[in-house]
Each structure stands twice: as C-alpha cells, then as structure tokens.
Amino acid sequence: MAELHSQAVPVQTLYTWFRDNKLIVNRRYQRKLVWTLEEKQKLLDSILSKYPIPAILLSEIEGPKENFEIIDGLQRMHAILSFIETSYPISDGRYFDLNYFPTAKDISEHGVFSDKSEGNVLDTGACSTLLNYQVSLSILRKASNTEVNEVFDRINTYGHRLSDQERRQAGVQSKFAELVRSLACSVRGDASSDRLFLYEMPSISIDLPKTRHGYEVRADEVFWVAQGVLRSTDLRDSEDEQCIADTVACIIGQDLIDRSKAALDAVYDASSAEYTRIETALDLYGSEKISEEFKFVLGEITKICAEGGATKLRDLLFEPKTTNAFPSVFTAIFLAIFECGVSQGKKISDYSGLKASLKGINKRIPVGQKGSNRAERRTNIDVVKGVISKFFVDDPDLAKLIFSNHKIVDIDGDIRRSEIELAHYELKQGLLPLEAGAKDPAAMLDKILRTICAIANNGPNSAGKILIGVADKEADIKRASEIDGVAGKVIGKRTVVGVCREAKRLGKSMEDYVQIVVNHIKSSNISEHTKGAALAHIDFNSYFDLGVLVISIPPQKDLTYLGDELYRRDGSNNTRVSTPKDVVALNSRFQ
C-alpha cells in the first residue's frame, strides 16, 4: 500500500534532480506544457515575494536510483526550473543570473541551453531567494500503477483542470486509448517514449502562434491547425485527440457513434458496454491496420489541398470563408473519403477534380455543420460521397500502398523528431553533390553506409532512420533550388527538396534511382545482420512529387561493423571508434 511522505526541498536541489534525470513525466496521464508566460511570471513573483505555493506531488519509482514521477505540479515545476535556465524573464524583463548558480552556468557552457539574459538579470538577493526557496513535496512511496492513476484522477476532479479529452486519456491503459495517443503523436510530430525526463517536455509541447515559449511543436505547422480544422488553443487542449477518437471509433465499430461528450466518455469508461464493444472491435480490426489507414487518408486529404496550388482545407470547404474550427465537418469529409477509397479498395484517380468538387461543400450538407447524432452524421457523409465517388477507381494494389510505405504523416513526424533525436535520425539532401552537372553519388553512398553502422550501434533497443531528400541547411536548400529548380516543402526547421530532381538529372526512373542505394548496401561489407535489416526497410514516398527515400534501421542485437571499422553516433555525427577503451564501451551496450 502506498505511503505518503512530506518534505521541503530547496529549488537548487530540485534543479540538480532536474538535470540528473531524476524527474520523470509519464505521458499516459500528464498533459503537455500549457502555462502561459503570465502564469509562469505570477508563480515566480510569488516565490520571489516568499509567498507559499501549492505542494508538488511525486511518486517514487522503485529501482537502484532515486527517481520520481511527477503526479501533480508539472507546470509549476517546469516553470521554476526553466526560469533558472533563462527560458523567460519575470514581468519586469529580468532573467535569472547564471553567474550566481555555478551548476546551471556550467551546464549552459557545455551547450545544453543558451543564456538569454544579455546581462539583464536579477540581483544576487533575488537569485538567493529563488535558489533557497523551500518547495513543499508530497512523495508517494511504494505506490502501484493503479494507486497512482487513482490519485491523479481524484486530483483532477477537484476542479476543471483538464480538458474533456485530457481527462479521458489520463491514466487509461485501454488499447483504444493507446491507439489514439499514438496516432495523435504521429500527426503532431511529437512521438516519443511514454516516459520523458522533465527537461525533455518542451520537445513534445505546443508553441502557440501568439505566445512563443520555445517549445518544439509549432501549432501553426501541425495538420489540424494548418488546415484550419482546429484552433491552436484547441490543439493545446488535446481536441485533436478527441477528433481522432471520434473518427476511429466510427470506423472500427462498423457503425457511427453520436458526436457528443457522453458518447466518447462511454468509449473510455471501462464499466460501460460501449467500452467493451470498441475494445473488442479494435481487437478484430487491428490497431496497426486502422493506424496505417488513418494516416493514409490524412495524407490523401493533404494531397487534395496541395493539388494545383496549396489551399487550406477550411478555405476549400466553406463559402463564404470562415475562421471557425470545423471538426464535425472534417470528420464527415474524412469518413466519406475513407468509405469511397479504403473501404472499397479504390484510389483517387483525379485529385484536381476531387478538390474542385469539395469547394463550398458546406452548402450541400443539409443538416448543418454539427450533425451530432448518428442519422445526421450518416446523411452528411453520404452527401459528400455522392459528390466525390466518381473520382475513385479500383486499385488491386491499394493495400500495398497503404501498408508498405511511409505515409506523408510518418515522414513529417520523422522530420520533426530529427530535430530532437539527433542520434537516431540522419537527413541527406540527396545522393549527388550540390554542383551543376554532378552525377556521381559514390561519396554520399559511402556516408550512408557509415551512418547505417553508427545508428545500428546505438544499442539493442534503439532504431533509427536515414531520410534522403531532406535538407537542414539554408545553403543546401538554396543550392538545390538553383541547380534543379525545385521549390521545397518546409517542415519545421527542415525543407524537403526531394530526390526526384536527382533521378531526373541522372536520366533514371525512380525505381532505378532507389536501386542505386539498394545495390550499394547489398555489395557493401557491412555486418550481414544489419545489411539484411536495412535492405528490408527501404521505402520511397512520392511526397508531393518531390520524393523522399527512407532507410529504416531496426534495433540490432550485436555490434555492426563496416568491414573492420566500427562507428557510433555522437549527436548527429558519425564517429569512428578506434581505441580499445571505446570499443569495449560500445560493445557493452549489447551485453
């Protein structure tokens, strides 16, 4: 049975825990970082004024090291510790003075974070007040997962502190909840392990257009906001997950559900018959199957919007134009495309015609935008199907297209993750040098072999990918445009310049271009177990006619050699391992 212990800990000790990987966030029930700058500044003002703040609740994680899972107080904890790292100023514009705290200053000087203060800092008295401030902690010891979930649930019934969907997902371990969580992460581009260190939270948190916090997921670049389906604040409140849950439940259950709070609550309520029905339906349908189909249809919608020049989905569907979110209409469009295509084994034959047919579709949906009950929803879907069905044709290879290749959503997510997980991803603008007339890929092909070797040596639980056709340097983007006349597609801080331009320069089909890579890996002296794995996981996606080649490197059980050479990843670099000490250290990863 859980035991509750209380203690007070100074902020400087919490910071040490923060950077010693002792503070863990469990994504099963914790939301993203959502506090506004004003909320953070008010908290710091309370601390600097020596006012009391609410206690933070932690759960001790059993193991050889003293680690803690944050149950309540995530926003407060991160606000305090990120202020020390000069992520934001207090209300008068002053930052924390790193010179007063050598521990943080040393970490900054090692490049972990940058000092943004520019000399506009707190006086020593204020810095001392902050570092010595005693934060009240309540620590659960020997708590089971069930007890932790129960405590979290009770805390969040004391007031409306989470959105409806956040509360549904919090702590729920059903297969449906995990599917929704995973799909939402893939679409947003913040996929990660279930548990993160507290300092990693900005990598999966959402930056709103008008309130930049330096978080990695930019709301205006995520499908839901970019296409106008949801507002950026809706994304922060997990309404994208609600939209996914509603849509997926309608597909796998073989029947539409009402679009209502009560209907979705029932899907997540383990005591309800609807919960059992959806869980059983998912077992029969298959989580991987619906996941791949969902991402495929989302990619098709993106391609429809991009056809003949980019058009925001909201602007396409609504006449006159609106600024309102439209999750209900979106679901009707999604399900219509799914039923005309995936369900019948058909593919879109005319993207231009389909796009034109959807223009102003809101005028043809007879029961209004909400369409909340099953009958109204079916009417809306059937109206859309009647308009778009003629643009689909039978395709016996549709299943292969859906299940064998990286989808647009997957590639976008991988590109965003590459900004964070440097050791697991490598981006290459192409195989050829960025020189006019260059046609020799040999140098880049050899680099790819070293990268495969290095990523494989990350350890037995680590996978990675090489994406060819994606540039991360402004000079490369500009040069690709000058040489090949390509207009790239921006994803986060990267730009897809594609490889179709290189195939054209070489006078080869895309199949022959891909075969260049396949043949080089096949004829290499890379370890056979890794060679076979890499060859089995080479995918090409046409990606808006730009073309992206993806080489996936699954986890390996043994060291991977390139001939007699060993390589490892140091951030985004491949480092040759040569000293006996380094070889032993690398080998220990696989023991």
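Counting of residues starts from 1 at the beginning of each chain's written sequence and follows it residue by residue. For this predicted model, a pLDDT threshold of at least 70 governs which residues receive local features, and a threshold of 80 or more governs which side-chain atom pairs are given and counted, while totals over whole chains, interfaces and linings are taken from all residues. The side-chain figures draw on all heavy atoms in the structure; neither hydrogens nor water molecules are used.

Student: Hey, could you run me through the overall build of the protein chain in this one?
Tutor: In this text, helices come from DSSP runs of H or I with a minimum length of four residues, and strands from runs of E with a minimum of two, each type numbered from the N-terminal end. Along the protein chain, the regular secondary structure elements total 27 helices and 20 strands. Here the C-alpha atoms of the protein chain give a radius of gyration of 26 Å, agreeing with the 25 Å that 2.2 N^0.38 yields for 591 residues. Along the longest, intermediate and shortest principal axes, the C-alpha atoms of the protein chain span 70 × 65 × 45 Å. Note on contacts: a residue pair is in contact if any heavy atoms of the two residues lie within 4.5 Å. Within the protein chain, contacts between residues separated by at least 24 positions form 74% of all contacts whose residues are at least 6 apart in sequence. Calculation of accessible area relied on Shrake-Rupley with a 1.4 Å probe; when residues are assessed, cover is drawn exclusively from the protein chains displayed. Of the roughly 25900 Å² that the protein chain leaves accessible, carbon and sulfur atoms contribute 48%. Charge assignment in this entry is limited to Lys and Arg as positive and Asp and Glu as negative, and neither His nor the chain termini are counted. To locate a charge, take atom NZ for lysine, CZ for arginine, CG for aspartate or CD for glutamate. Across the protein chain, the 77 positively charged side chains and the 83 negatively charged ones have centroids separated by 2 Å. As defined in this context, the radius of gyration uses C-alpha atoms, and a globule is described by 2.2 Å times the residue total to the power 0.38.

Student: When you look at the state of the cysteines in this model, what are you seeing that I'm missing?
Tutor: Any two cysteine sulfur atoms lying within 2.5 Å of each other are counted as a disulfide. In total, this model carries 0 disulfides according to the counting rule given. Cysteine C243 remains unbridged, with the sulfur of C250 as its closest cysteine sulfur at 10 Å.

Student: Mind showing me how you'd approach the environment of N120 here?
Tutor: Here N120 shows up in the loop between α4 (102-109) and α5 (124-132). Take N120: its relative accessible area is 37%, and that puts it in the partly exposed class. Note: C-alpha distance between N120 and D72 (48 residues apart in sequence) is 32 Å. Filtering out sequence-adjacent residues up to four positions away, N120 remains in contact with G93, R94 and Y95. Here a polar contact means two N or O atoms within 3.5 Å. Within protein one must be a hydrogen donor candidate and the other an acceptor candidate, and residues neighboring in sequence count only if both atoms are side-chain atoms. At 2.9 Å, the side chain of N120 forms a polar contact with the backbone oxygen of G93. Buried residues are those whose accessible area, probed at 1.4 Å on protein chains only, stays under 20% of the maximum for their type, while exposed residues exceed 50% and partly exposed ones sit between those limits.

Student: I would appreciate a short explanation of the sheet that holds strand β14 (residues 489-491) in the present structure.
Tutor: Judged by pairing direction, the sheet is antiparallel, and its 3 strands sit side by side in the order β13-β15-β14 without closing on themselves. Because the sheet does not close on itself, it has two edges, and the strands there are β13 (470-471) and β14. In this sheet, strand β15 (residues 494-496) lies alongside β14 in antiparallel orientation, the contact comprising 3 bridges. Along β15, the bridge assignment pairs I491 with R494. Any two strands with at least two DSSP bridges between them are considered paired.

Student: Just checking my understanding: could you explain the packing of helix α2 (residues 37-48) against α5 for this structure?
Tutor: Think of two packed helices as two axes; the pair is described by the angle between the axes and how far apart they sit. Closest axis-to-axis distance for the α2/α5 pair is 9 Å, and the angle between their directions is 95 degrees. By the angle class used here, α2 and α5 are roughly perpendicular. Between α2, through L44, I47 and L48, and α5, the contact on the second element is made entirely by A126, T129 and L130. To obtain each axis, a line is fitted to C-alpha atoms, and for helices this fit is confined to the stretch in contact; angles are then taken between N-to-C directions over 0 to 180 degrees. Convention used here: angles under 35 degrees read as roughly parallel, angles over 145 as roughly antiparallel, angles from 65 to 115 as roughly perpendicular, and any remaining angle as oblique.

Student: Explain helix α18 (residues 374-388) to me, please; I cannot follow it from the model alone.
Tutor: Counting along an α-helix, one turn takes 3.6 residues, and residues three or four places apart therefore face a common direction. An expected span of 1.5 Å times one less than the residue number is assigned to each helix. Counted at 1.5 Å a residue, the expected span for α18 with its 15 residues is 21 Å, and the 21 Å between its end C-alpha atoms agrees. Inspection of α18 places R377, N380, I381, V384, V387 and I388 among the buried residues, and these make up the whole buried set. End-on, the buried residues of α18 take up no more than an arc of 120 degrees, which puts them together on one face. In α18, those exposed residues whose orientation departs by more than 90 degrees from the buried face are A375 and G386. In this fold, the buried residues of α18 make contact with α11 (239-252), α16 (327-340), α17 (351-358) and β10 (392-394). Here α18 starts with a cap whose side-chain oxygen sits 3.1 Å from the backbone nitrogen of A375, and that cap is N373. It is the directions from the helix axis to the C-beta atoms whose arc is reported.

Student: What should I look at first to understand the environment of L98 in this one?
Tutor: Relative to the assigned elements, L98 resides in the loop between α3 (74-84) and α4. For L98, a relative accessible area of 3% gives the class buried. Sequence separation between L98 and I84 is 14 residues, and the spatial gap between their C-alpha atoms is 7.5 Å.

Student: Any chance you could explain the pairing of strand β4 (residues 67-72) here in plain terms?
Tutor: Successive residues of a regular strand alternate their side chains across the two faces of the sheet. Of all 6 residues in β4, 6 are buried; the element is thus mostly enclosed. Pairing between strand β3 (residues 56-61) and β4: 5 bridges, direction antiparallel. Considered in β4, the bridge of L58 is made with I70. Connecting the antiparallel pair β3 and β4 is a turn made up of 5 residues, with G63 showing a positive phi of about 160 degrees.

Student: Explain the nonpolar core to me, please; I cannot follow it from the model alone.
Tutor: Most often, soluble globular proteins have nonpolar side chains that are buried together. The nonpolar core is taken to be a set of buried Ala, Val, Leu, Ile, Met, Phe, Trp, Tyr and Cys residues, with the residues joined through side-chain atoms within 4.5 Å. If you look at the biggest cluster of nonpolar residues, it comprises 74 residues, and the most contacted ones within it are F176, W224, F330 and I388. Considering each element in turn, this core owes the most residues, 10 residues, to α16. Counting 48 residues, the second largest nonpolar core, distinct from the first, contains Y15, F18, L58 and L196.

Student: Is there a simple way to think about helix α12 (residues 261-268) in this case?
Tutor: Taken together, the buried positions of α12 are A263, L264, V267 and Y268. Buried residues of α12, viewed axially, fall in a sector of 135 degrees; they line one side. On its buried side, α12 packs onto α7 (164-169), α8 (175-188), α11 and α13 (273-285).

Student: What's the story with the packing of aromatic side chains in this structure? I'm lost.
Tutor: Centre-to-centre distance and the angle between the planes together describe a pair of aromatic rings. Centre distance within 6.5 Å is the pairing criterion for rings of Phe, Tyr and Trp, where only the six-membered ring of Trp is used; planes under 30 degrees apart are then read as stacked, over 60 as edge-to-face, and the remainder as tilted. Taken as a whole, this structure holds 15 aromatic pairs when the rule is applied. Counting as a charge over the ring demands two things of the Lys NZ or Arg CZ atom: a distance within 6 Å of the ring centre and an angle within 35 degrees of the ring normal. Between K489 and the ring centre of F544, over which it is positioned, the NZ or CZ distance is 4.9 Å.

Student: Looking at this model, I keep getting lost on the pattern of salt bridges. Mind explaining?
Tutor: Where charged atoms from two side chains of opposite charge approach closely, those side chains can pair. By salt bridge we mean one thing: a side-chain nitrogen of Lys or Arg within 4 Å of a carboxyl oxygen of Asp or Glu. Counted according to the given criterion, the structure contains 43 salt bridges. Of the charged contacts, one joins K295 and D410 as a salt bridge, the two residues approaching to 2.7 Å between their closest N and O atoms. In this pair, K295 sits in helix α14 (residues 287-306) while D410 sits in helix α20 (residues 408-418), placing the two residues 115 residues apart along the sequence. We note that K295, like D410, is buried. The partner of K385 in a salt bridge is E339, with the nearest N and O atoms 2.9 Å apart. Separated by 46 residues along the polypeptide, K385 in helix α18 and E339 in helix α16 bring together distant segments of the chain. A network of salt bridges, in which partner residues are shared, links R27, R188, D190, D240 and E241.

Student: It is not clear to me how unusual backbone geometry should be interpreted in this structure. Could you clarify?
Tutor: Backbone phi values are negative for most residues with the exception of glycine, while trans is the configuration of most peptide bonds. Of the consecutive residues E319 and P320, the connecting peptide bond is found in the cis state with omega at -5 degrees. Examined against the element boundaries, P320 turns out to sit in the loop between α15 (313-317) and α16. With phi around 60 degrees, Q254 is a residue other than glycine that occupies positive phi space. Given a relative accessible area of 64%, Q254 falls into the exposed group. Non-glycine residue D545 carries a positive phi angle of around 65 degrees.

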